[in-house]
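# Results of the structural survey
Each chain is listed here by its residues.
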Amino acid sequence: VMSKAYLLLYNILSALGWSLVLFKVSDNLQNGRSAKELWADLGTTLIVVQSAAALEILHSLLGLVRSPLIPTFMQVMSRLLVVWMYMVPTNASNGHWSAYLCITSWALVEIPRYLFYAVALNHKDEPHKINSVLYFLRYHLFVVLYPTGITGELLQMYTA
């Protein structure tokens, strides 16, 4: 019961954090700000939200979730590497437009993923009871957003 409450809180807070990131990306795009200005505005928020994902490795290790440890570790660490080794030291690779691509892709895939996990906690063996739109977004957005996210990540590394 305690782990379910903790995971619910973790997933809701993660979805809210990524929603804040997406809001800031949208605001910066709408106001025609450069990627350098984007990083100045949301760098700290992104660092906190993305770094919090390291807890997912612990969740897997402790058996709080069914996610396998090695793929979880690789997924989380690849993003943390991009953030901490490329974005932070270079101010999002010196303001290259790929920061927008990378961060937007991450936010758009993570918001429905964390919301899905939060809702799924109450429908553990009944996935058919999860909202069909949320279910669709969780299992289909990544088809477009993983390639765009990876492209943004690679460009961030290249321009660093």
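Residues numbered from 1 in each chain as written. Predicted model: local features only at pLDDT ≥ 70, side-chain atom pairs only at ≥ 80, totals over all residues. Heavy atoms only, no water.

## Things to note about the environment of Leu81
Here Leu81 shows up in helix α4 (residues 69-95). Here the alpha-carbon distance between Leu81 and His96, two residues 15 residues apart in the chain, equals 18 Å. (Helix = DSSP H or I, 4+ residues; strand = E, 2+ residues; numbered from the N terminus.)

## Thoughts on the layout of surface pockets
Roughly 970 Å³ of volume is contained in the largest pocket. Lining the largest pocket are 35 residues, and of these Val65, Arg66, Ser67, Arg113 and Tyr117 sit closest to its centre. Of all the elements in the fold, those that place two or more residues in the lining of the largest pocket are α1 (2-30), α3 (55-62), α4, α5 (98-120) and α6 (132-159). Here the lining of the largest pocket is composed, by residue class, of 19 nonpolar, eight polar and eight charged. (1 Å grid on protein atoms, 1.4 Å probe; cavity = no way out; pocket = protein on both sides within 12 Å on 5 of 7 lines; lining within 4 Å. Points joined across faces, edges and corners; volume = space filled by probe spheres on them. Nonpolar A, V, L, I, M, F, W, Y, C, P; charged D, E, K, R; others polar.)

## Comments concerning the packing of aromatic side chains
For the coordinates displayed, the defined rule picks out eight aromatic pairs. Arranged with centres 5.4 Å apart and planes meeting at 85 degrees, the rings of Phe116 and Tyr139 form a pair that is edge-to-face. Taken together, the residues Phe116 in helix α5 and Tyr139 in helix α6 connect sequence positions 23 residues apart. Assessed through its relative accessible area of 37%, Tyr139 is described here as partly exposed. Geometrically, the ring pair formed by Phe142 and Tyr146 is edge-to-face, given 5.6 Å between the ring centres and 65 degrees between the ring planes. Placement of the pair is Phe142 and Tyr146 together in helix α6, with a separation of four residues, close to one helical turn. Its relative accessible area of 32% is what places Tyr146 among the partly exposed residues. Aromatic ring contacts, followed pair by pair, group Phe116, Tyr117, Tyr135 and Tyr139 into a single cluster. When the ring centre of Tyr114 is taken as reference, the NZ or CZ atom of Arg113 above it lies at 4.5 Å. (Phe/Tyr/Trp six-rings, centres within 6.5 Å; stacked < 30°, edge-to-face > 60°. Buried < 20%, exposed > 50% of the residue type's maximum accessible area, 1.4 Å probe, protein only. Lys NZ or Arg CZ within 6 Å of the ring centre and 35° of its normal.)

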